[in-house]
Amino acid sequence: MSPPDPAPSPGSTPHLLPVSRGARATVIGLAALLVVALGFGAWGAWKVFSPAANALPSSAQWQAAQARNQQLEQRVATLSRSDQISRDANRDLQDTLGERDEQIAGLRADVAFYERFVGATGQRRGLAVHELKLQPQTDQAWHFTATLTQNLNRGAVNRGRLQLTVEGTRDGKLETLDWPRLRQQPTADGMAFSFKYFQQLEGEIVLPPQFKPLRVTARLQPDDGSRVDQSFTWAEATATQSPDTAAAAADAG
């Protein structure tokens, strides 16, 4: 057995264990991280508690922001209104163009009619009903337009009266409605006409309930001359487009 180490004397310095290079590097790295962390913490505290960071906008800045916001709202409202006005104007224009097209087609039909009627090659005819049109006003009331013509006696004035009669069925039975019943006036007289070449007469007739019309007859009674009767089927009289208008539209196309 080796003898024990001698005890250190009271005045001697204790012996320290040597430190490796790896441990020294670790300690230095930790110290550097601690310094960096303390730096970021101080910077964040300065950003949070700095008077400039927490300062509210001034009154002038607030008023400027409000004014800008109002300008933007006004601009949006103006643009929306302008867009609505443009849409309404475009729709009105389309409706107007549609109406003009219908008017042009009607005028072309009238011109074609006048050319055939008064032209040098036009067929000579006495007093007649050139066209009879009916348009519904209600379930029972109808508006009629009768076009009367004559080009046989040029320059002569034709005077007389027009009456309508309607044939149809009600409750499975044939029935004829005369002019007083159609006008709902027991003493109704015919509509007076007076023209040289042509004239349009317009009026209203009323059909009774449950009556199904089949044919309408226009009766012309001139002041001096024989009576003229012309019949039209109900389908012909209520057609939405007359033959002349259809022909003019076909020519235009």
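Residues numbered from 1 in each chain as written. Predicted model: local features only at pLDDT ≥ 70, side-chain atom pairs only at ≥ 80, totals over all residues. Heavy atoms only, no water.

## Quick notes on the confidence of the model for the protein chain
Then step 1. On average, residues of the protein chain score 79 in pLDDT, and 68% of them are at 70 or above.
Then step 2. With pLDDT under 50 throughout, residues 245-253 is counted as low confidence; its partners more than four residues away or in other chains account for 8 contacts. (pLDDT = per-residue confidence, 0-100. Contact = heavy atoms within 4.5 Å.)

## Some details on the nonpolar core
Then step 1. With 28 residues, the main nonpolar core has F144, L164 and I205 as its most contacted residues.
Then step 2. Counting only elements with at least two residues in this core, the list comes to strand 1 (128-136), strand 2 (141-149), strand 3 (158-170), helix 3 (179-183), strand 5 (191-195), strand 6 (198-206), strand 7 (212-222) and helix 4 (234-237).
Then step 3. Looking at which element gives the most residues to this core, the answer is strand 2, with 4 residues.
Then step 4. Not counting residues within four places of it along the chain, the set of residues in contact with I205 comprises L134, Q140, A141, W142, F144, L164, V166, W179 and L182. (Core = buried A, V, L, I, M, F, W, Y, C linked by side-chain atoms within 4.5 Å. Buried < 20%, exposed > 50% of the residue type's maximum accessible area, 1.4 Å probe, protein only. Helix = DSSP H or I, 4+ residues; strand = E, 2+ residues; numbered from the N terminus.)

## Examining the pairing of strand 4 (residues 173-177)
Then step 1. The sheet contact formed by strand 3 and strand 4 spans 5 bridges and is antiparallel. Residue G168 lies in a different strand from strand 4, and its bridge partner there is E175. (Pairing = 2+ DSSP bridges.)

## Notes on the side chain of T147
Then step 1. Take T147: it is sitting in strand 2.
Then step 2. At 3.2 Å, the side chain of T147 forms a polar contact with the side chain of Q200.
Then step 3. Ignoring sequence-local partners within four residues, the contact set of T147 consists of A128, V129, H130, E131, Q199 and Q200. (Polar contact = N/O pair within 3.5 Å; in protein donor to acceptor, adjacent residues only side chain to side chain.)

## So, unusual backbone geometry
Then step 1. Phi at D171 is positive, roughly 55°, even though this residue is not glycine.
Then step 2. On the secondary structure map, D171 appears in the loop between strand 3 and strand 4.
Then step 3. The exposed category is assigned to D171, whose relative accessible area is 69%.

## Here's the deal with a negative patch on the surface
Then step 1. A grouping of D92, D95, E99, D101 and E102 is seen on the molecular surface, where their side chains present a negatively charged patch.
Then step 2. Relative to the helices and strands, E102 is located in helix 2 (residues 59-118). (Patch = residues over 30% accessible without salt bridge, like charges linked within 9 Å, V, L, I, M, F, W, Y side chains within 5 Å. Areas by Shrake-Rupley, 256 points an atom, 1.4 Å probe, with all protein chains shown as cover. Salt bridge = Lys/Arg side-chain N within 4 Å of Asp/Glu carboxyl O. Lys, Arg positive; Asp, Glu negative; His and termini not counted. Charge placed at Lys NZ, Arg CZ, Asp CG, Glu CD.)

## Examining the packing of aromatic side chains
Then step 1. In total, this model carries 3 aromatic pairs according to the counting rule given.
Then step 2. Ring centres of W142 and W234 lie 5.1 Å apart, and the angle between their planes is 80°; this geometry places the pair in the edge-to-face category. Of this pair, W142 sits in strand 2 while W234 sits in helix 4; the two residues are 92 residues apart in sequence, bridging distant segments of the chain.
Then step 3. Residue W142 is classed as buried on the basis of its relative accessible area of 13%.
Then step 4. Aromatic pair F193 and F195: ring centres 5.9 Å apart, planes at 50°, arrangement tilted.
Then step 5. The exposure class assigned to F193 is buried, which follows from its relative accessible area of 3%. (Phe/Tyr/Trp six-rings, centres within 6.5 Å; stacked < 30°, edge-to-face > 60°.)

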